[in-house]
Amino acid sequence: MIAEIKGKVNMQNTNLTSLREDELTGNFFGNLRYIPFAKGLKKVLRNAIRPTALQSMIDEIDADYWNDNLFLWDRVRESDRITELDVHMDFSTIVIGIEVKYRSGLSSEDTEEDENLSAENSINQLSREARVLHLLGPDKKKLLLLLADDLVCAETIQNVKIRDGVQLGYLSWQEVLIQLKKLTELNDFEQLIITDLIELLEKKGFLRFSEFEIDTADISISDYWDFKPPKAVRKFSFGLDKVVVEGKYYEFG
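Described in the following lines is the structure provided in the data block. Throughout this description, residue numbers start from 1 for each chain and increase along the sequence as written. In keeping with the model being predicted, local features are shown solely for residues with a pLDDT of at least 70 and side-chain atom pairs are shown and tallied solely at 80 or more, while totals for entire chains, interfaces and linings include all residues. Based on all heavy atoms of the structure, the side-chain values leave hydrogens and waters out of the count.

### Let's talk about the environment of K142
Turning to step 1, where the next piece is worked out: In this text, helices come from DSSP runs of H or I with a minimum length of four residues, and strands from runs of E with a minimum of two, each type numbered from the N-terminal end. Looking at the secondary structure, you find K142 in strand β4 (residues 141–148).
Turning to step 2, where the next piece is worked out: It is 8.9 Å that separates the C-alpha atoms of K142 and L168, two residues lying 26 residues apart in sequence.
Turning to step 3, where the next piece is worked out: By definition in these notes, contact holds between two residues if any of their heavy atoms fall within 4.5 Å. Sequence-distant contacts of K142, that is, excluding residues within four places in its chain, are made with M57, I94, V95, L133, H134, G137, G165, V166 and Q167.
Turning to step 4, where the next piece is worked out: Polar contacts involving the side chain of K142 include one to the main-chain carbonyl oxygen of K140, which spans 2.4 Å. Each polar contact in these results corresponds to two N or O atoms within 3.5 Å; when the atoms are within protein, one needs to be able to donate a hydrogen and the other to accept it, and residues that are neighboring in sequence are counted only if both atoms are side-chain atoms.

Below you can see the structure in the form of structure tokens.
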């Protein structure tokens, strides 16, 4: 709904790839703004943020009602170029920018020929967003976050050139989903919103394997498990002409 209000949906529906990303952004942050910041998003951000050294920047945010602090798809002019921040949060002591990714990568990245470019001239999407974030909060602390899939977060922010004064970190959708499930002290209305968001993220494929469920009595930490096959395996086939003979093995990379 918010993505459509903000004009992120075109009339011909030809932008379906970006639409899925914008809808996810609007649905997630648009619903969380109905829950006090300290009870909802603050806890999610604080516990899901990486590296964990950045947690202190979230801890110091003092806000309850925070819809006035949240801006989606903010377009900011930097010299002769306009850069869009998917999420921009402006608090009394800190500004936070969040680049949201669903299945796509960054819109622009530096090439090998650009490796000598400074943070002020880099065309990398996160580098550009760091520069506009600095413009939005020149006298405040500045935090730029990438919110994306577990498998790409850490790799995407490696070697990104970020201007001085801006901290760069990331959140994974998988960890955000885990933290949503840990939220407590919610009233019935707030819990309904969180339940819907959990179901949405699970349907998007962000459910991470967390543990085995073993139907047994309590296990002593001093004990260990020993797994043995029911019978000796003499040979098995991988659908090839060769088999693994007893006493020999193959490694598959």
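### What to know about the packing of aromatic side chains
Turning to step 1, where the next piece is worked out: Each aromatic pair joins two rings of Phe, Tyr and Trp (for Trp, the six-membered one) with centres within 6.5 Å, and gets the label stacked for planes under 30 degrees apart, edge-to-face for over 60, and tilted for any other angle. Taken as a whole and assessed by the stated rule, the structure comprises 6 aromatic pairs.
Turning to step 2, where the next piece is worked out: Measuring from ring centre to ring centre gives 5.0 Å for F37 and F91, while their planes differ by 45°; the resulting arrangement is tilted. Note that F37 is positioned in the loop between α2 (16–32) and α3 (41–48) and F91 in the loop between β2 (81–90) and β3 (94–100), a separation of 54 residues in sequence.
Turning to step 3, where the next piece is worked out: Per-residue accessibility, obtained with a 1.4 Å probe over protein chains only, is compared with the maximum for each type, and a residue is labelled buried under 20%, exposed over 50%, and partly exposed between these values. Look at F91 and you get buried, because its relative accessible area is 4%.
Turning to step 4, where the next piece is worked out: One aromatic cluster in this structure is built from F28, F29, Y102, W173 and F206.

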